[in-house]
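# Per-entry structural report
Residue-level listing of the chains:
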Amino acid sequence: MQKENVNRDGERGFSLIEVLIAILILTVGLLSLAQMMLIATNANALSGRMTASAALAKEQMELLKAAPFYTDPANINAGSVNPMLQPGGSLDICEPAHCQHYDPDGQPLGNADEAAFEVRWVVQQVVAPGNATGGALPLAMVRITVRCMGLARAYQFQGDATLMTFRTANIG
């Protein structure tokens, strides 16, 4: 059997330089893809924390809205206002009567050092309790503002949600 000589002048392989350039282009593309994945992961984590902040703020707002306005509706003086709805609090600092800490799963904590979220609320008296015959409005009204923040020590980025509502109680 005889071997045939085949002319392979038109069939060249890749040179080493061409292979190295192709590897370089592929590496740059993969590195930019990895950076994009990191940014997307951080954005997804921030979104989750913001959703958790909004849910915790809404939960606290619902508790404050559901609480009875007066502990003794027959005696509507300043001392009978529900302690949860007493005017006070701050959105900037944690005051014990108007602040609650939560772990990353949304469970309440007593220890602020381990908290991932902090919920603060402010109750401001808008209309003071009065009676209809004395010229005052026959209602009491408070403005409730709730803020939930992801704590910076727990995460690189914080989530933050602020809600506000008004709450009234009829008098007489």
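Residues numbered from 1 in each chain as written. Predicted model: local features only at pLDDT ≥ 70, side-chain atom pairs only at ≥ 80, totals over all residues. Heavy atoms only, no water.

## Focus on the overall build of the protein
- The secondary structure content of the protein amounts to one helix and five strands.
- Each helix and strand of the protein, ordered N terminal to C terminal, gives the series α-β-β-β-β-β.
- A total of 172 residues make up the protein; the buried ones form 27% of that total.
- When contacts within the protein are restricted to residue pairs at least 6 apart in sequence, long-range pairs at least 24 apart make up 55% of them. (Helix = DSSP H or I, 4+ residues; strand = E, 2+ residues; numbered from the N terminus. Buried < 20%, exposed > 50% of the residue type's maximum accessible area, 1.4 Å probe, protein only. Contact = heavy atoms within 4.5 Å.)

## Some remarks on a nonpolar patch on the surface
- Together, Phe14, Leu16, Val19, Leu20 and Ile23 line one region of the surface with nonpolar side chains, adding up to about 560 Å² of accessible area.
- Looking at where Val19 falls in the secondary structure, it is placed in helix α1 (residues 16–66).
- Val19 gets classed as partly exposed once you look at its relative accessible area, which sits at 36%. (Patch = residues over 30% accessible without salt bridge, like charges linked within 9 Å, V, L, I, M, F, W, Y side chains within 5 Å. Areas by Shrake-Rupley, 256 points an atom, 1.4 Å probe, with all protein chains shown as cover. Salt bridge = Lys/Arg side-chain N within 4 Å of Asp/Glu carboxyl O.)

## Details of the pattern of salt bridges
- Under the defined criterion, the tally for this structure stands at two salt bridges.
- Glu62 is paired through a salt bridge with Lys65; the nearest N and O atoms lie 4.0 Å apart. Residue Glu62 and its partner Lys65 are both found in helix α1; the two are separated by three residues, about one turn of the helix.
- In this structure Glu62 comes out as partly exposed when scored by relative accessible area, which is 39%.
- Lys65 sits in the partly exposed class, given a relative accessible area of 37%.
- A salt bridge links Arg120 to Glu118; the nearest nitrogen and oxygen atoms lie 2.4 Å apart.

## Some thoughts on the packing of aromatic side chains
- Scanning all chains against the criterion turns up one aromatic pair.
- Taken together, a centroid distance of 5.0 Å and an interplanar angle of 65° make the contact between Phe69 and Tyr70 edge-to-face. Taken as a pair, Phe69 and Tyr70 share a single burial class, namely buried. (Phe/Tyr/Trp six-rings, centres within 6.5 Å; stacked < 30°, edge-to-face > 60°.)

## Quick notes on the pairing of strand β1 (residues 99–102)
- By the bridge criterion, four bridges tie β1 to strand β3 (residues 117–127) in an arrangement that is antiparallel. From the neighbouring strand, Gln100 faces β3, where its bridge partner is Val119.
- Where β1 meets strand β2 (residues 108–109), two bridges bridge the pair, whose relative direction is antiparallel. The residue bridging Tyr102 from the neighbouring strand is Pro108, located in β2.
- Counting the residues that bridge the hairpin from β1 to β2 gives five residues, and of these Gly106 lies at a positive phi of roughly 85°. (Pairing = 2+ DSSP bridges.)

## Looking at the confidence of the model for the protein
- Summarising the model, the protein shows a mean pLDDT of 80, and 78% of its residues fall at 70 or more.
- Ranking the elements of the protein by mean pLDDT puts strand β4 (residues 139–150) last with 81 and α1 first with 89.
- Scored below 50 in pLDDT, residues 131–135 makes two contacts in the model with residues more than four places away or belonging to other chains. (pLDDT = per-residue confidence, 0-100.)

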